[in-house]
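Descriptive structure summary
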Amino acid sequence: AQSVTQLGSHVSVSEGALVLLRCNYSSSVPPYLFWYVQYPNQGLQLLLKYTTGATLVKGINGFEAEFKKSETSFHLTKPSAHMSDAAEYFCAVSDYQAGTALIFGKGTTLSVSS
Amino acid sequence: KAGVTQTPRYLIKTRGQQVTLSCSPISGHRSVSWYQQTPGQGLQFLFEYFSETQRNKGNFPGRFSGRQFSNSRSEMNVSTLELGDSALYLCASSLLAAGGTDTQYFGPGTRLTVL
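Residues numbered from 1 in each chain as written. Chains lettered and ligands numbered in written order. Predicted model: local features only at pLDDT ≥ 70, side-chain atom pairs only at ≥ 80, totals over all residues. Heavy atoms only, no water.

A few words on the overall build of chain A. If you tally the helices and strands in chain A, you get 0 helices and 11 strands. If you list the helices and strands of chain A from N to C, you get β-β-β-β-β-β-β-β-β-β-β. For chain A, the C-alpha radius of gyration of 14 Å lies close to 13 Å, the compact-globule estimate for 114 residues. Viewed in the frame of its principal axes, chain A has a C-alpha envelope of about 45 × 30 × 20 Å. (Helix = DSSP H or I, 4+ residues; strand = E, 2+ residues; numbered from the N terminus. Rg over C-alpha atoms; globule rule 2.2 N^0.38 Å.)

What follows is the structure, given as structure tokens:
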């Protein structure tokens, strides 16, 4: 079965600093990987996804992620944090073998200080 | 294009009652998936409906059920509510059946509180 591990339940950065949110997956087949963001009292919004092809994926709001098969990782980065980036971020894998939609990590709360 | 809508946004029930939550997917989307979000367990898959048929079900008791109508709108029902059912229930829709590359679009959720 596929699974996702997000390292660090809480990450704090200063405004303008690099954002790095870590995600490792477990899968016996090439995975489909997703990053979602959730703002307070809202649903989830897709930031980016990796299916096939280019391993560096660019998403919305300046975020990007790199699929590294050898490290089974899909870390999310943003060069310069903004106050509006403060939210909870979820990494997810699509279990297309079982067809059971998304399997999520536990989430990482990003705090941005001025 | 309108996004995924969920009603109601907030609900308060007491133990033993039952509740029905509604989800209207993005126009043209045929798949609706439901997730439960709690602080302790995170986001967990409940079930998915595609063209009015339940394709898959997560590891939840039979008290949790759902259905999908011909217009793709979906409802989920929880019977005999327990305190542990307090959660944010999220609905997501996608054009194709879940489990592939297709993006799932989430609604704002229904916050259920069981007293």
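By the definition in use, this model includes 2 disulfides over all chains. Linked covalently through their sulfurs, C23(A) and C91(A) form a disulfide whose S-S length is 2.0 Å. Across the S-S bond linking C23(A) and C91(A), the dihedral sits near -65°, which makes this disulfide left-handed. Taken together, the residues C23(A) in strand β3 (residues 19-26) and C91(A) in strand β9 (residues 87-94) connect sequence positions 68 residues apart. What pairs with C23(B) in a disulfide is C91(B), and their sulfur atoms sit 1.7 Å apart. The S-S bond linking C23(B) to C91(B) shows a torsion near -50°; that makes this disulfide left-handed. Within this pair, whereas C23(B) is found in strand β3 (residues 19-24), its partner C91(B) is found in strand β9 (residues 87-94), the two being separated by 68 residues in sequence. Judged by relative accessible area, which is 0%, C23(B) ranks as buried. (Disulfide = S-S within 2.5 Å. Buried < 20%, exposed > 50% of the residue type's maximum accessible area, 1.4 Å probe, protein only.)

Take the pairing of strand β8 (residues 74-78) of chain B next. All names here are of chain B. Counting buried positions along β8 yields 5 of 5 residues, so the element is predominantly enclosed. Burial along β8 is two-sided: S74, M76 and V78 facing one way and E75 and N77 facing the other are all buried. The sheet contact formed by β3 and β8 spans 5 bridges and is antiparallel. Across the sheet, residue V19 finds its bridge partner in β8, namely V78. (Pairing = 2+ DSSP bridges.)

All names here are of chain B. All chains considered together, the criterion is met by 7 salt bridges over all chains. Put simply, R73 and E75 hold a salt bridge, and the shortest N to O gap is 3.3 Å. Among the residues examined, E75 registers a relative accessible area of 16% and is labelled buried. Each of the salt bridges in this network shares a partner with another, and the network as a whole consists of R63, E82 and D85. (Salt bridge = Lys/Arg side-chain N within 4 Å of Asp/Glu carboxyl O.)

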